[in-house]
Amino acid sequence: MVQKFFLTGLPRSGKTTLLHRLIDPVQQKTGFITDEIREHGERVGFKVVTSRGEEGVLADIATPSPFKVSRYYVHPLSLETAIEPLFA
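Residues numbered from 1 in each chain as written. Predicted model: local features only at pLDDT ≥ 70, side-chain atom pairs only at ≥ 80, totals over all residues. Heavy atoms only, no water.

**A word on the sheet that holds strand β4 (residues 67-69)**
Neighbouring strands of a sheet are bound in pairs by backbone hydrogen bonds; such pairs are parallel or else antiparallel. The sheet built from five strands is open, its strands ordered β1-β2-β3-β5-β4 with antiparallel pairing. Only two strands of the sheet have a single neighbouring strand rather than two, namely β1 (32-39) and β4. Neighbouring strand axes in the sheet, compared pairwise and without regard to direction, differ in orientation by 40 degrees on average. In this structure, strand β2 (residues 42-50) lies alongside strand β3 (residues 55-60), joined through five bridges in antiparallel fashion. Bridging from a neighbouring strand, valine 48 pairs with glycine 56 of β3. (Pairing = 2+ DSSP bridges. Helix = DSSP H or I, 4+ residues; strand = E, 2+ residues; numbered from the N terminus. Axes fitted to C-alpha atoms, helices over the stretch in contact; angles between N-to-C directions.)

Structure (C-alpha cells):
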C-alpha cells in the first residue's frame, strides 16, 4: 500500500527529525526530503536529499538566483536535477 506524507510546522519544531525517524527503517521508499544547511550553528540554506542518495542545494544565502524567498536564493534547476532520477 502506497502512503504519502506531507508534513508542515513551525521552524525548528522537529519536522525533519520526525520524518527521518519514520522513513529511515523503510526499505523500499521513493521520494525526497529537505534538510537544513548549517554553518557555525546558523542555517544558511536547504538541500534536497532523495531516497536514492542524490543531493542538490535547493536554496541558500550565498549563491544569487533570480528566485528568492525571504533571505534565500532558490535554485529550481538543482531540485529538478536531484529528483529527476526518481521518475526514471
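**Focus on unusual backbone geometry**
In this model, arginine 12 sits at a positive phi of 65 degrees, which is unusual for a non-glycine residue. For arginine 12, the location among the structural elements is in the segment before α1 (15-23). For arginine 12, a relative accessible area of 66% puts it in the exposed group. Unlike most non-glycine residues, serine 70 shows phi in positive territory, near 55 degrees. Counting through the fold element by element, serine 70 comes out in the loop between β4 and β5 (72-74). (Buried < 20%, exposed > 50% of the residue type's maximum accessible area, 1.4 Å probe, protein only.)

**Topic: the layout of surface pockets**
In this structure, the largest pocket encloses a volume near 1,400 Å³. Considering the residues around the largest pocket, the lining is formed by 38 residues, among which Phe5, Leu19, Phe32, Ile33 and Thr34 are closest to the centre. Grouping the amino acids of the lining of the largest pocket by side-chain chemistry returns 17 nonpolar, 13 polar and eight charged. (1 Å grid on protein atoms, 1.4 Å probe; cavity = no way out; pocket = protein on both sides within 12 Å on 5 of 7 lines; lining within 4 Å. Points joined across faces, edges and corners; volume = space filled by probe spheres on them. Nonpolar A, V, L, I, M, F, W, Y, C, P; charged D, E, K, R; others polar.)

**A short note on the pattern of salt bridges**
Counted according to the given criterion, the structure contains five salt bridges. Of the charged contacts, one joins glutamate 36 and arginine 12 as a salt bridge, the two residues approaching to 3.8 Å between their closest N and O atoms. Here the residue glutamate 36 occupies a position in strand β1, and arginine 12 occupies one in the segment before α1, the gap between them amounting to 24 residues. Judged by relative accessible area, glutamate 36 falls into the partly exposed class, the value being 28%. A salt bridge links arginine 38 to glutamate 36, with the shortest nitrogen-to-oxygen separation between them at 2.8 Å. Residue classification places arginine 38 among the partly exposed positions, given a relative accessible area of 38%. Each of Arg12, Glu36, Arg38 and Arg43 takes part in salt bridges that share partners, so that together they form one network. (Salt bridge = Lys/Arg side-chain N within 4 Å of Asp/Glu carboxyl O.)

By themselves, these observations are geometric and do not establish any function.
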